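# Report on the structure
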Amino acid sequence: MDEVSAETGYPRLPALNEAAPDFEVMTTAGLIRLSDYQGRWVVLFAHPADFTPVCTSEIVALAKSYKSFRESNCELVGLSVDSRYAHIAWLRAIKERFGVEVPFPIIEDQTMKVARRYGMIHPGASDTAAVRATFFIDDKGVMRAMIYYPMSVGRSVKEIIRVVQALQAGDKNGVVLPEGWKPGEEGIELPPETIVEANRRLLDSTDSPDWYYAKRSLARGGKRK
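Residues numbered from 1 in each chain as written. Predicted model: local features only at pLDDT ≥ 70, side-chain atom pairs only at ≥ 80, totals over all residues. Heavy atoms only, no water.

## Some remarks on the pattern of salt bridges
Counting across every chain of the model gives 15 salt bridges. The partner of Glu24 in a salt bridge is Arg33, with the nearest N and O atoms 2.6 Å apart. What makes Arg33 partly exposed here is its relative accessible area of 33%. In this structure, Glu75 engages Arg70 in a salt bridge whose closest nitrogen and oxygen atoms are separated by 3.1 Å. In this structure Glu75 comes out as buried when scored by relative accessible area, which is 9%. Connected through salt bridges with shared partners, the residues Arg40, Arg70 and Glu75 form a single ionic network. (Salt bridge = Lys/Arg side-chain N within 4 Å of Asp/Glu carboxyl O. Buried < 20%, exposed > 50% of the residue type's maximum accessible area, 1.4 Å probe, protein only.)

Here it is as structure tokens:
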């Protein structure tokens, strides 16, 4: 059973680097469970309502970028508190009006069970609609990142893809990634844990401003710079 918050009466919200809460829900693609996606990354995102302009712009952009997500072993799963039938009608309208077929499922969450469990309902914005929340869940089912936008501002799909790629590159290479990092750019070594390691980095480095900021090429595993 989920731990309940004494303040809200809702289950405790998911936290970074903890297991993302599993769910079993009906979607536009039928019944799915989060655990079905083990071995793949998942971007779970909420939109406030079907048949609204900002949400439509996001869904269209996500559908057009679906191939990029799949190339990163990542699946998309959408959610709003509208019914499955409203979702189906909306996706059919998007295909008819925008010429875009949406290839990923959208969760029906009229009871707001998943939205509340994931902290998508913010009373200051709306008691009955999910804000633009985006959750990055890795291939082991662990919550790795969260991004929230207000209802009035659409998300950047390029940024969502970048975050997935950065998380994966960091895992693969054992580094952290600097501001605005993109594939093909250098990463940064984890901070040294001893003064000996700090001194060695200053001696070995040819392109690092200080002992705590040692760059490393990520091409083919890369070497410390």
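What follows picks up the thread again.
## A closer look at unusual backbone geometry
Unlike most non-glycine residues, Asn17 shows phi in positive territory, near 65°. Checked against the element boundaries, Asn17 lands in the segment before strand E1 (24-27). Even without being a glycine, Phe51 presents a positive backbone phi close to 55°. Here Phe51 lies in the loop between strand E3 (41-46) and helix H1 (53-64). (Helix = DSSP H or I, 4+ residues; strand = E, 2+ residues; numbered from the N terminus.)

## As for the nonpolar core
One finds Val43, Ile59, Phe69, Leu76, Ile94, Phe104 and Phe136 to be the most contacted residues of the largest nonpolar core, which totals 27 residues. Mapped onto this core, the elements with two or more residues apiece are E3, H1, helix H2 (66-71), strand E4 (74-80), helix H3 (84-98) and helix H5 (157-173). When residues no more than four places from it in sequence are discounted, the contact partners of Phe69 are Val43, Leu62, Cys74, Leu76, Val157, Ile160 and Ile161. In this structure, Leu44, Ile107, Ala130 and Met143 belong to the second largest nonpolar core, which totals 25 residues. (Core = buried A, V, L, I, M, F, W, Y, C linked by side-chain atoms within 4.5 Å. Contact = heavy atoms within 4.5 Å.)

## Things to note about the sheet that holds strand E10 (residues 215-216)
Taking strand neighbours across the sheet as the criterion, the three strands line up as E8-E9-E10 in an open arrangement whose pairing is antiparallel. Here the strands that pair on one side only, and so sit at the sheet edges, are strand E8 (175-176) and E10. (Pairing = 2+ DSSP bridges.)

## Things to note about the pairing of E4
Across the seven residues that make up E4, a large majority, seven, are buried. Bridge count between E3 and E4: six bridges; the pairing is parallel. Bridge pairing links Val42 to Glu75 in E4. In terms of strand pairing, E4 meets strand E5 (residues 106-108) through three bridges, oriented parallel. Its bridge partner being in E5, Gly78 is matched across the sheet by Ile106.

## Things to note about H1
With twelve residues, H1 ought to run about 16 Å at 1.5 Å a step, and its terminal C-alpha atoms sit 17 Å apart, in line with that. Among the residues making up H1, those that are buried are Cys55, Thr56, Glu58, Ile59, Val60, Leu62 and Ala63. (Expected span 1.5 Å × (residues − 1).)

## Quick look at the side chain of His87
Relative to the elements of secondary structure, His87 occurs in helix H3. Residue His87 is classed as buried on the basis of its relative accessible area of 0%. Filtering out sequence-adjacent residues up to four positions away, His87 remains in contact with Thr28, Asp50, Ser80, Asp82, Ile106, Ile107 and Glu108.

## Some words on H5
With 17 residues, H5 should cover 24 Å at 1.5 Å per step; its first-to-last C-alpha distance of 24 Å lies within 8% of that length. Burial in H5 covers these residues: Val157, Ile160, Ile161, Val163, Val164, Ala166, Leu167, Ala169, Gly170 and Asn173. Of the residues flanking the end of H5, it is Gly174, one or two places downstream, whose phi is positive at about 65°.

## Observations regarding the pairing of E3
With six of six residues buried, E3 lies mostly within the body of the structure. Side chains of E3 alternate between two faces, with Trp41, Val43 and Phe45 and Val42, Leu44 and Ala46 buried alike. Pairing analysis gives four bridges linking E3 to strand E6 (residues 132-137), with the strands arranged antiparallel. What sits directly across from Leu44, in E6, is Phe135.

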